[in-house]
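In case you want the letters, here they are:
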Amino acid sequence: MADKVHLSNGNPAAANKYRTHLTIKSVQNKEQVEHTVDADVYCKGNHIYIRYEEPILAAKEDRSQAVKRRSSSAGTADEQVQAAPVTNVMLKLSADEWKLTRRGDVESEMSFAPNMRLNGYYRSAALRFPLVTDTKQWTRRDRAIEKNGVIAHLPEYVAWAYDLYIEEDCVGQFALALTLDWSSTSEREQ
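- The protein chain is annotated in an unreviewed UniProt entry as DUF1934 domain-containing protein from Paenibacillus arenosi.

1. Here we look at the packing of aromatic side chains
The geometry of two aromatic rings is summed up by the distance between their centres and the angle between their planes.
(1) Moving on: Enumeration over the complete set of coordinates arrives at 7 aromatic pairs.
(2) Moving on: With 6.0 Å between their ring centres and 90 degrees between their planes, Tyr18 and Trp182 make a pair best called edge-to-face. On the criterion of sequence distance, the pair formed by Tyr18 in strand β2 (residues 17-28) and Trp182 in the loop between β11 (169-181) and α3 (185-188) is long-range, its members being 164 residues apart.
(3) Moving on: With relative accessibility at 5%, the residue Trp182 sits in the buried group.
(4) Moving on: Through pairs of rings, three or more aromatic residues link up here, namely Trp98, Phe112, Trp138, Trp160, Tyr162 and Phe174.
(5) Moving on: Sitting over the face of the ring of Tyr165, Arg117 holds its NZ or CZ atom 4.1 Å from the ring centroid.
(6) Moving on: Positioned above the aromatic ring of Tyr18 is the side chain of Lys147, whose terminal nitrogen or guanidinium carbon lies 5.1 Å from the ring centre.

2. Let's talk about the pairing of strand β4 (residues 47-53)
(1) Moving on: In this structure, strand β3 (residues 31-44) lies alongside β4, joined through 6 bridges in antiparallel fashion. In the sheet register, Lys44 faces β4, and the bridge partner there is His47.
(2) Moving on: Bridge analysis of β4 against strand β5 (residues 88-93) gives 6 bridges, and the strand direction is antiparallel. Looking at the pairing, Ile50 lines up with Leu91 of β5.

3. Some remarks on the environment of Trp182
(1) Moving on: For the pair Trp182 and Ile145, spaced 37 residues apart in sequence, the C-alpha separation works out to 7.5 Å.
(2) Moving on: Within the structure, Trp182 has its side chain in polar contact with the backbone oxygen of Pro155 (distance 2.8 Å).

4. Looking at the environment of Leu118
(1) Moving on: By the secondary structure assignment, Leu118 is in strand β8 (residues 117-123).
(2) Moving on: The class for Leu118 is buried, based on a relative accessible area of 15%.
(3) Moving on: Once the C-alpha coordinates of Leu118 and Thr135 are considered, the two residues, 17 residues apart in sequence, prove to be 8.5 Å apart.
(4) Moving on: Excluding anything up to four places from it in sequence, Leu118 contacts Glu97, Ser111, Phe112, Ala113, Leu131, Val132 and Thr133.

Conventions we followed
Residues numbered from 1 in each chain as written. Predicted model: local features only at pLDDT ≥ 70, side-chain atom pairs only at ≥ 80, totals over all residues. Heavy atoms only, no water. Phe/Tyr/Trp six-rings, centres within 6.5 Å; stacked < 30°, edge-to-face > 60°. Helix = DSSP H or I, 4+ residues; strand = E, 2+ residues; numbered from the N terminus. Buried < 20%, exposed > 50% of the residue type's maximum accessible area, 1.4 Å probe, protein only. Lys NZ or Arg CZ within 6 Å of the ring centre and 35° of its normal. Pairing = 2+ DSSP bridges. Polar contact = N/O pair within 3.5 Å; in protein donor to acceptor, adjacent residues only side chain to side chain. Contact = heavy atoms within 4.5 Å.

What follows is the structure in structure tokens.
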């Protein structure tokens, strides 16, 4: 795992934002879900930030639940789901801790570090409670990416597994794996 963001051969400010496809594999108590989204990757100091919009649930029953949560509005279920508030996700990577933050209808913050228990929280209109993560595994592989004559060593694969606690009770075992597709980055730049 790289400890720092390494930039070389040019002006770092010219190449501190990247656009890529991100594949997210999530496992919760042995049930796996996979999504692919567009993501922005930023470099600032010794931190890397990966930002994306949380995928809207695609299953028919999940769509109906999303529609029920909306206040009253006209339109089809598809139109209502597309108009549903967006949840933004930010993953901040540093050498010794990663932080996952969600902002939208639901807000949460969870931190991860190898073999450590770290505090976080979950908040929605109906519920609020503290969270504790106990990180069991974490992996990061970087790749050299060139943009405008600047080479940055950015994550190609980030994965971690953790137990999640609410108060003193373990509520589940989770694993996340993020794969960043750098194969045609320049075509996706904004």
